[in-house]
Amino acid sequence: MNALLTAWAALRVTGLNLFRAMNTEPLPWHGGRARPERFRTSFALVHNEDGDEACIGCKMCEKICPSQIITVVPGGRAPSPNTGKPRGTAKDFVLDMNACIHCELCVQVCPEDAILMLRVPETPGYTREDLVLTMDKLYKNEPLEKSWGTGARLVGMQEAGQPKPAPKPAPAAKAAPSEAAPPSPEAGS
Ligand code: SF4
Ligand code: SF4
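Quick summary incoming for the structure in this document. (Residues numbered from 1 in each chain as written. Chains lettered and ligands numbered in written order. Predicted model: local features only at pLDDT ≥ 70, side-chain atom pairs only at ≥ 80, totals over all residues.)

## Details of the overall build of the protein
Part 1 of the argument: When you go through the protein residue by residue, the secondary structure sums to five helices and five strands.
Part 2 of the argument: Overall, the protein shows an N-to-C arrangement of helices and strands of α-β-α-β-β-α-β-β-α-α.
Part 3 of the argument: Here the protein holds 189 residues, and the buried ones make up 17% of them.
Part 4 of the argument: Here the analysis covers contacts within the protein between residues at least 6 apart in sequence; of these, 75% occur between residues at least 24 apart. (Helix = DSSP H or I, 4+ residues; strand = E, 2+ residues; numbered from the N terminus. Buried ≥ 20, exposed ≤ 12 C-beta atoms within 10 Å, placed from the backbone. Contact = placed C-beta atoms within 7 Å.)

## So, the site of ligand 2
Part 1 of the argument: In the vicinity of ligand 2, 13 residues are found, and the nearest of them are Cys65, Cys100, Cys103, Leu105 and Cys106.
Part 2 of the argument: In the shell around ligand 2, the residues fall into ten nonpolar, two polar and one charged. (Near = placed C-beta within 6 Å. Nonpolar A, V, L, I, M, F, W, Y, C, P; charged D, E, K, R; others polar.)

## A look at the environment of Ile101
Part 1 of the argument: Locating Ile101 in the fold gives a position in the loop between strand S3 (86-96) and helix H3 (105-109).
Part 2 of the argument: Sequence spacing of Ile101 and Ser67 is 34 residues, and the spatial spacing of their C-alpha atoms is 7.4 Å.
Part 3 of the argument: Filtering out sequence-adjacent residues up to four positions away, Ile101 remains in contact with Pro66 and Ser67.

## Here we look at the sheet that holds strand S5 (residues 132-133)
Part 1 of the argument: If you trace the three strands from one edge of the open sheet to the other, you get S2-S3-S5, paired in antiparallel fashion. Bordering the open sheet on either side are strand S2 (70-79) and S5, each of which pairs with just one other strand.
Part 2 of the argument: Relative to S3, S2 is paired through nine bridges, and the arrangement is antiparallel. Paired with Arg77 across the strands is Gly88, a residue of S3. (Pairing = 2+ DSSP bridges.)

## Here's the deal with the nonpolar core
Part 1 of the argument: Membership of the largest hydrophobic core comes to 23 residues, with the highest contact counts inside it found for Cys61 and Ile115.
Part 2 of the argument: Listing elements by their share of this core, those giving two or more residues are strand S1 (43-45), helix H2 (60-64), S2, S3, H3 and strand S4 (115-117).
Part 3 of the argument: Those residues in contact with Ile115 that lie beyond four places of it in its chain are Phe43, Leu45, Cys61, Cys106, Val107 and Cys110. (Core = buried A, V, L, I, M, F, W, Y, C linked by C-beta atoms within 7 Å.)

## Observations regarding unusual backbone geometry
Part 1 of the argument: Phi at His102 takes a positive value of approximately 55 degrees, unusual for a residue other than glycine.
Part 2 of the argument: In this structure His102 comes out as partly exposed when scored by C-beta crowding, with 13 C-beta atoms within 10 Å.
Part 3 of the argument: With a phi angle near 50 degrees, Asp113 is a residue other than glycine that sits in the positive phi range.
Part 4 of the argument: With respect to the helices and strands, Asp113 occurs in the loop between H3 and S4.

## Considering the pairing of S3
Part 1 of the argument: Where S3 lies against S5, two bridges are found, and the strand directions are antiparallel. The residue bridging Leu95 from the neighbouring strand is Leu133, located in S5.

## Here we look at the environment of Arg119
Part 1 of the argument: Tracing the chain through its elements places Arg119 in the loop between S4 and S5.
Part 2 of the argument: Residue classification places Arg119 among the partly exposed positions, given that 17 C-beta atoms sit within 10 Å.
Part 3 of the argument: Those residues in contact with Arg119 that sit more than four places away from it in its chain are Arg35, Phe39, Arg40, Thr41, Glu145, Lys146 and Ser147.

This is how it looks when you write it as structure tokens:
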């Protein structure tokens, strides 16, 4: 009897769910449901306002990445082809997105806002290599829609949330010898 009741309850739940609206989004995504402002998927490397590759090869993103999936090969300092000013460069940059946890720390730590996350996912592939983002691929992603965060914006937000340091107390004024308290009669006893 119990088994029949359980089977009936299960069938009833299944039947009810057949007529409910779908809450999930099928892939590939066709824009059916608005994505949140901070939705982030893939990555891009970008150029700065002078038209140079913004990455200076400082390796800070590589060092902070908890998944250790970023490899940056610095290219040394060289004159910018656009301004002539010497600046750091990156010779190679690889981000293996297979193990990315989307923490955004690489974006937050970048001093040049050179690496950004995208709101557009990579096309699903059949091999692991399909999700290894080379430097070429990362610059090809530059025109795609970016996510909310940049390094400057994320650091600014973090600093705004920090409590202000308490003002230092003014140094206590030394009492004049005549005003000094008389020694306690118990002192030295
Ligand atoms: S992306 Fe940013 S943090 Fe990473 S190496 Fe380039 S400049 Fe440095
Ligand atoms: S978002 Fe991905 S690549 Fe960037 S620091 Fe986090 S794990 Fe590393």
